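Residues per chain are reported as follows:
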Amino acid sequence: MDETVAEYIRRTVLKIPRDEIKTMLQKWDFLSEMQLQTINFRQIKENISQDVVQLCEENSADIKQAAVLDIIYNHVYPNKRVWSVYQMKKTGEETEFFDLTDFKKKFKRRLRSALKNVTINFREYEDNAIWIRIAWGTPYTKPNQYKPSYVVYHSQTPYVFISASVLKSNLPLLCQALVLASNYHDIREMELRSHSLNSLKDIVFKRYSQNFQTHYPRPLQERNVAPESDLRIIQENRSEKERIERVNREVFGDGPQPKLEFAQYKLETMFKSDPQMDVLDKKEPFRCLVKFSSPHLLESLKSLAPAGMADAPISPLLTCIPQKARNYFKIRERKHFFPGSFVSP
């Protein structure tokens, strides 16, 4: 067994929580049950990894088997990576029978016609998901197994989930291979990213229970500040709480929200001021980047109004994320766009 393969297997085993190493090795199905029984899984992980490498040496493991173990690890822990959603398009509405063997053949042929030093591995799962691992090299260097790209493609759907390598120069070639192998004609990025692969699937496959928003926020109006005792009474007002809960339910639905960690808004809007003040000599867009971050952004937004930290309903610019299937936005000057969403300074 090659030393680089042995080291890669050792490092992969070290990434797995100790209590799950045996289960993951059983899923790998490269070592026999009798071989696994010789390993003491209660010892420290470094010793476990050395034992696994020794058994792999006996079985003459190569990079193909090592890559499969890495796919299994990433399938169990997909949240360790950042995933971007891509959508493919056909020229017509025709549907074709999906042939997995043909898909693999076309995909590998397209990549290897452009780059010989590349390793490609596939693994199919029960939900019609095809996991593809690509380790990239150069015309003069072997593939870097520690910086692979991952692709999850659900056959008979136009959606592809890609966790790209840091070598982003290979991304166009990867997209070309996907389009060719799946018999589509174009592919585009959807501006939707997250660590949670399952939540991205919930959004694009419409597997969440969010309703369409029917309420729109009104422009802020000046109001007198009430005494502290009155604020407490308002906060505890039962009818107001019921209204907030009802509006929140209409906007977010009853079920759990997809897990996204951030939403980014790039503003290119005109600065609004009194013409007589003549603040700006030139009418140029006001550029600003706003980013909302949270371990579970949509659930955090859902909790703002009930907690009294925001008026209900929340701005459609925030609640439309699952409906629009994107968490990267560019906001420009447009007429008839969410009435009351923008408040002039």
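Here the structure is shown first, and the text comes after it.
Reading guide: rules and limits
- Residues numbered from 1 in each chain as written.
- Predicted model: local features only at pLDDT ≥ 70, side-chain atom pairs only at ≥ 80, totals over all residues.
- Heavy atoms only, no water.
- Helix = DSSP H or I, 4+ residues; strand = E, 2+ residues; numbered from the N terminus.
- Polar contact = N/O pair within 3.5 Å; in protein donor to acceptor, adjacent residues only side chain to side chain.
- Contact = heavy atoms within 4.5 Å.
- Salt bridge = Lys/Arg side-chain N within 4 Å of Asp/Glu carboxyl O.
- Buried < 20%, exposed > 50% of the residue type's maximum accessible area, 1.4 Å probe, protein only.
- Phe/Tyr/Trp six-rings, centres within 6.5 Å; stacked < 30°, edge-to-face > 60°.
- Arc of directions from axis to C-beta.

Caption draft 1: The arrangement of the side chain of Arg 10 in detail. By the secondary structure assignment, Arg 10 is in helix α1 (residues 3-15). Separated by 3.1 Å, the side chains of Arg 10 and Glu 46 make a polar contact. Those residues within four positions of Arg 10 in sequence are excluded, and the remaining contacts are Glu 46, Ser 49, Gln 50 and Val 53.

Caption draft 2: Geometry of the pattern of salt bridges. This structure, assessed with the given rule, holds 13 salt bridges. Lys 15 serves as the salt-bridge partner of Asp 70, at 3.6 Å between the closest nitrogen and oxygen. Note that Asp 70 is positioned in helix α5 (residues 63-76) and Lys 15 in helix α1, a separation of 55 residues in sequence. A residue is classified by how much of its surface remains accessible, and Asp 70, at 2% relative accessible area, is buried.

Caption draft 3: Layout of the packing of aromatic side chains. Considering all chains together, one arrives at 16 aromatic pairs under this definition. Ring geometry for Phe 103 versus Tyr 153: centroids 5.5 Å apart, planes at 20 degrees, classification stacked. Linking Phe 103 in helix α6 (residues 100-114) with Tyr 153 in strand β4 (residues 149-154), this pair joins segments that are 50 residues apart in sequence. An identical accessibility class is assigned to Phe 103 and Tyr 153; each is buried. Relative to Tyr 150, the ring of Trp 131 has its centre 6.1 Å away and its plane inclined at 70 degrees; by these criteria the two rings are edge-to-face.

Caption draft 4: Expanded view of helix α11 (residues 297-304). Buried within α11 we find Leu 297, Leu 298, Leu 301 and Lys 302. The arc that holds every buried residue of α11, seen down its axis, measures 140 degrees, which confines them to one face.

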